[in-house]
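If you want the building blocks of each chain, they are given just below.
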Amino acid sequence: MATDSTSYDFSKIEPHWQAFWEENQTFCAKNFGDKPPYYVLDMLPYPSGTGLHIGHPEGYTASDILARYKQSCGHNVLHPMGWDAFGLPAEQHAIATGTPPADNTTKNIDNFRRQLKRFGFSYDWQREISTTDPDFYRWTQWIFLQLFKYGLAYVDDKPVWWCPALGTVLSNEEIIDGRSERGNHPVELRNLRQWVLRITAYADNLLEGLKDLQWPDSTKRQQTAWIGRSEGCNLQFDIEGHDEQIITYTTRPDTIYGASFLVIAPEHPLALKITTTEHKEAVEQYIQNTKQKSDLARTDLAKEKTGVFTGAYAINPMNGEKLSVWIADYVLLTYGTGAVMAVPCNDARDYEFTQRYDIPIPKVIKSKDDPTEDGSQTPMPFLGHGTLINSGPYTGMDSKESIPKMIADLEARKHAQATVNYKLRDWLFSRQRYWGEPFPIIWINEEDFQSLDNYPNSPFREFLPKEPIAYEKDGERFYALPLPDSALPLKLPEVENYLPSESGESPLAKALDWVDVYANLETGEVVSRQSMEAPSTPWVPARRETNTMPQWAGSCWYFLRYLDPKNDKVFVDPKVLEYWGFPDFYIGGAEHAVLHLLYSRFWFHFLHDIGILPKPEPFKRLFHQGIILGEDNTKMSKSRGNTVDPDTVIEAYGADALRLFEMFLGPLEDMKPWNSKGIEGIARFLRKIWREYIDGEGKLNTKIVDEAKEAPSLERVLHETIKKVTQDIEGLRFNTAISQMMVFVNHLQKANTFTRNTAKIFIQLLTPFAPHLGEELWERLGEKPSASNASWPTWDESLLHVDEITIPVQVNGKMRAELSLPASIEQAEALAAAKAHDRVQSHLNGKTLIKEIYVPKKIINLVVK
RNA sequence: GCCCGGGUGGCGGAAUGGUAGACGCUGGGGACUUAAAAUCCCUUGCUCGAAAGAGCGUGAGGGUUCGAGUCCCUCCCCGGGCACCA
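Quick notes on the rules
Residues numbered from 1 in each chain as written. Chains lettered and ligands numbered in written order. Predicted model: local features only at pLDDT ≥ 70, side-chain atom pairs only at ≥ 80, totals over all residues. Heavy atoms only, no water. Helix = DSSP H or I, 4+ residues; strand = E, 2+ residues; numbered from the N terminus. Contact = heavy atoms within 4.5 Å. Areas by Shrake-Rupley, 256 points an atom, 1.4 Å probe, with all protein chains shown as cover. Lys, Arg positive; Asp, Glu negative; His and termini not counted. Charge placed at Lys NZ, Arg CZ, Asp CG, Glu CD. pLDDT = per-residue confidence, 0-100. Buried < 20%, exposed > 50% of the residue type's maximum accessible area, 1.4 Å probe, protein only. Salt bridge = Lys/Arg side-chain N within 4 Å of Asp/Glu carboxyl O. Polar contact = N/O pair within 3.5 Å; in protein donor to acceptor, adjacent residues only side chain to side chain. Pairing = 2+ DSSP bridges. Axes fitted to C-alpha atoms, helices over the stretch in contact; angles between N-to-C directions. Parallel < 35°, antiparallel > 145°, perpendicular 65-115°, else oblique. Left-handed = near helix turned anticlockwise from the far one by under 90°. Nonpolar A, V, L, I, M, F, W, Y, C, P; charged D, E, K, R; others polar. Near = heavy atom within 4 Å.

Asks: Help me get a handle on the overall build of chain A, residues and values and all.
Replies: In terms of regular secondary structure, chain A is built from 27 helices and 37 strands. On the principal axes, the C-alpha backbone points of chain A span a range of 100 × 90 × 50 Å. Pairs at least 24 apart in sequence give 71% of the contacts found in chain A among residues at least 6 apart. Element-wise, carbon and sulfur atoms account for 49% of the exposed surface of chain A, whose accessible area totals about 38,100 Å². With 93 positive and 118 negative side-chain charges, chain A shows a spacing of 5 Å between the two charge centroids.

Asks: Explain the confidence of the model for chain A residue by residue, including any values.
Replies: On average, chain A scores 92 in pLDDT, and the residues at 70 or more come to 98%. Model confidence for the complex: the whole-complex pTM is 0.94, and ipTM, which rates the interface, is 0.96.

Asks: Describe the environment of Val-572, and please don't skip the residues or the numbers.
Replies: With respect to the secondary-structure elements, Val-572 resides in the loop between α16 (558-561) and α17 (574-580). Relative accessible area serves as the criterion here: at 3%, Val-572 is assigned to the buried category. For the pair Val-572 and Leu-488, spaced 84 residues apart in the sequence, the C-alpha separation amounts to 16 Å.

Asks: Describe the side chain of Glu-710, naming the residues involved and giving the relevant values.
Replies: By secondary structure assignment, the location of Glu-710 is in the loop between β32 (704-705) and α22 (712-730). It is Lys-709 that comes nearest to the buried, bridge-free Glu-710 among opposite-charge side chains, at 8.5 Å. Among the polar contacts made by the side chain of Glu-710, one reaches the side chain of Thr-758 at a distance of 2.5 Å.

Asks: Outline the pairing of strand β34 (residues 804-811), supporting the account with residue identities and numerical values.
Replies: Counting buried positions over the eight residues of β34 gives six, a clear majority of the element. Bridging between β34 and strand β35 (residues 814-822) involves eight bridges; their strand directions are antiparallel. The residue of β35 that forms the bridge with Val-809 is Ala-817. Here β34 folds back onto β35 in antiparallel fashion, the turn holding two residues, of which Asn-812 has a positive phi close to 50°. Here β34 pairs with strand β37 (residues 859-864) via three bridges, running parallel. The residue of β37 that forms the bridge with Val-811 is Leu-862.

Asks: Account for the sheet that holds strand β26 (residues 526-528), naming residues and giving values.
Replies: To summarise the sheet geometry, strands pair through backbone hydrogen bonds and adopt either a parallel or an antiparallel arrangement. With respect to topology, six strands assemble into an open sheet ordered β23-β24-β22-β27-β25-β26, the strand pairing being antiparallel. Where the open sheet ends on each side, the last strands, each with one partner, are β23 (470-473) and β26. For this sheet the average axis-to-axis angle between neighbouring strands, irrespective of direction, equals 40°. In this sheet, β26 lies alongside strand β25 (residues 516-520) in antiparallel orientation, the contact comprising three bridges. Residue pairing for β26: Val-517 is matched across the bridge by Ser-528.

Asks: Please set out the packing of helix α21 (residues 678-693) against helix α24 (residues 756-766) residue by residue, giving values where relevant.
Replies: Contact geometry for α21 and α24: axes closest at 12 Å, N-to-C directions at 155°. If you check the angle between α21 and α24, you find them roughly antiparallel. Between α21 and α24 the crossing geometry is left-handed. Contacts between α21 and α24 involve Phe-685, Ile-689 and Tyr-693 on the former and, on the latter, Thr-758, Ala-759, Phe-762, Ile-763 and Leu-766. Here the residues of the contact of α21 with α24 are counted per class, giving seven nonpolar, one polar and no charged.

Asks: How would you explain the protein's contact with RNA strand B if you had to name every residue and give the values?
Replies: Surveying the vicinity of RNA strand B reveals 51 residues, the closest of which are Arg-221, Thr-251, Lys-303, Lys-305 and Arg-349. Between RNA strand B and Lys-305 there is a distance of 2.4 Å, counted from a base oxygen to a side-chain nitrogen or oxygen. Take Tyr-330: an N or O atom from its main chain is 2.8 Å from a sugar or linking oxygen of RNA strand B. Take the surface near RNA strand B: its biggest share by element is seven residues, from helix α23 (residues 734-750). Of the residues contributing to the surface near RNA strand B, the split by class is 19 nonpolar, 14 polar and 18 charged.

Okay, here's the thing in structure tokens:
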């Protein structure tokens, strides 16, 4: 039943159809069936306390249009929604208010869901998931255990970024210019025991896999740059008076004759060893200074390069020359070998360093267009490739071509190995927070761990890796035992307060009855120590891991759970997975280009490798919607007062208007400003549609007639519109699809009558964009809802051609006239008609016609002199 | 600094190498109305002109082409990414 509105009353129409879709489960996806499946995915939102902002519905409307369109095209469409609800804001709210994060999270989710439903998105709410739901994170924990089992999860005591204000460790990716991405707080280095995932093992796979993905180029480029593969070689330099060698990494072995010194990082293990007594004090002072520098200060490009001479000399393996060895903080221990051969003539950094310390700069490459013998016309530093000079037997060779030969020659003398380096670092996977997935890991001492050998069938072996994971504390060694599958989910305990401890441990460390446990090595049982008196074999004391997983964990794989959200046996039934596959279309913000999207790919590559998933790449087609700016063309923010609240807009104009307007603003991927006047135009458009269909009494407009044949001119516009809208939806060009619909409605308005069939087809085109109005008018046309179940209209190409066409005539490329000619006209006739035209004549008079161009149905151009 | 995008009316934006400015907003004029809202019609790139019309015009300059917003080169500006990764 349609509503009884006599005017376009969206406040009545919209809730009516939302209720209809819910009652009739219009958009509930069924696993299996004859229809081809199509999976449309939105990036999982974080349900913040402030509710939806105006940017959210941009991507959601786009995916909703696609989903409804695909449903009309006969697909079985899966279009789900859920919540990435672990994370810092909820925890900080909990710290501030003392209420458990779960409570507030539930509240925020309810609000988000309410707001999303007001937009009429075609989500299958029966498949809703939340990463915070134990039935969900049970499988996040299970995937972690797989990573653990296969040796891709380990603990490390290396220095990590600690943010005092947030009370947690952050990953490299969460730091921007020495401050936390979230909250912009200063960060510092601290040594803490951390869980790390070996994503570097997948560097090449992740790079290779990018090639076949239909992703925005910029995102592929960002991931490529983040992985940062570089091919080069390690070069070994002997040190005068020492047995040890300095191993440097370089991508430019061709410049080796131009090396004038070596630089090692201040943290390099040989730094103090090779320093001569004479330079000891200065070197120690320098290393000390470096330690005190924040990484921000150290990586500040603007600062002048500093360093200190060690007094040691290395030998250039090519020519036997002595090279001074320096320590400088512009060389990073964490990349390559922590040592470089400095070639000032071909490297800007080395060049800059020599300017300060007055080191010689031998020239070994001249530019190809430098005619001089000695390369004096080649500027320094010269970073490109060219012709080698002053390079012994290699002089005269092309520098690029000399690389393999140089490596081979040095390799033969055991001074080089070709090697590959990556910028990508392993993924720091633990957080010292409460509101995240607990690690399903317990720690036991060495003796107890060895006694596990006595229990060959222990459930603790289920996920035990070949190489045990252990760490040392106060001289004692502890071993990680993975909880068995049967112990999952390992739920978060309730705690008194959510403040992290000053020591850097998570709030979970204070939940002693949860942390301190006994584990039964034989049965796999784990119980609180408070529930049992000091037990004996096979019980051993154990301590739970108190770190939690980062927010990225759940979002790595959540979209598989939508396929089979209630399954308590497996994370997704393989048959269901086989039916749906991975998302056909994924839309979300570009800010996740390297974090979520890289991590998720890593997990999928891994799960594919161990035979759990059929394919390694989760997202074949990816799209980023652009950001919607405030009306003043700056980023929306509360402090600027330029935010737009979706609830308010819906109250004033309706959800359909808001959906349509966000799509009409401009290309989906562009950044574009909000315009409060612009939405008025969309509202006018919707009212105009209503008036064309419904009269003042709420009855069907008498303009709509039951004749079979539409007037040819209107029919042609209709078919143009079907074609344009269809192709634009496929290409995600919603702004131009909408403008074509406006063009069509302007034609409807001018027509005296139009057929019911025309009326129906246009509503079908409109419905993905403005589904509430679409359904309302669909039913008032006497059709059965939902309009999304009616099959998508097709256009008839033969109706698009016109008998009489307008051809512009140019003289010397300038527009001079328009001719109305039969479409089928021959070239000679067309040209004759053009030349006969008065206005053309006046431009031809007294000139010589030298060329005549006729592009059929397009243009005539007469060239005169 | 390097690597990508992008610069089109007053504004958001359209334009497979073929009539630049579709569509919408804004502005101006008019109709309907007691009035307003709503709606409809005309108009709205710039300059000259009463008009017909002419000239100019897609960041700047050059080039290719019968023809360039679109392709090529140089430069300027804006946005994004990376940033001592050897």
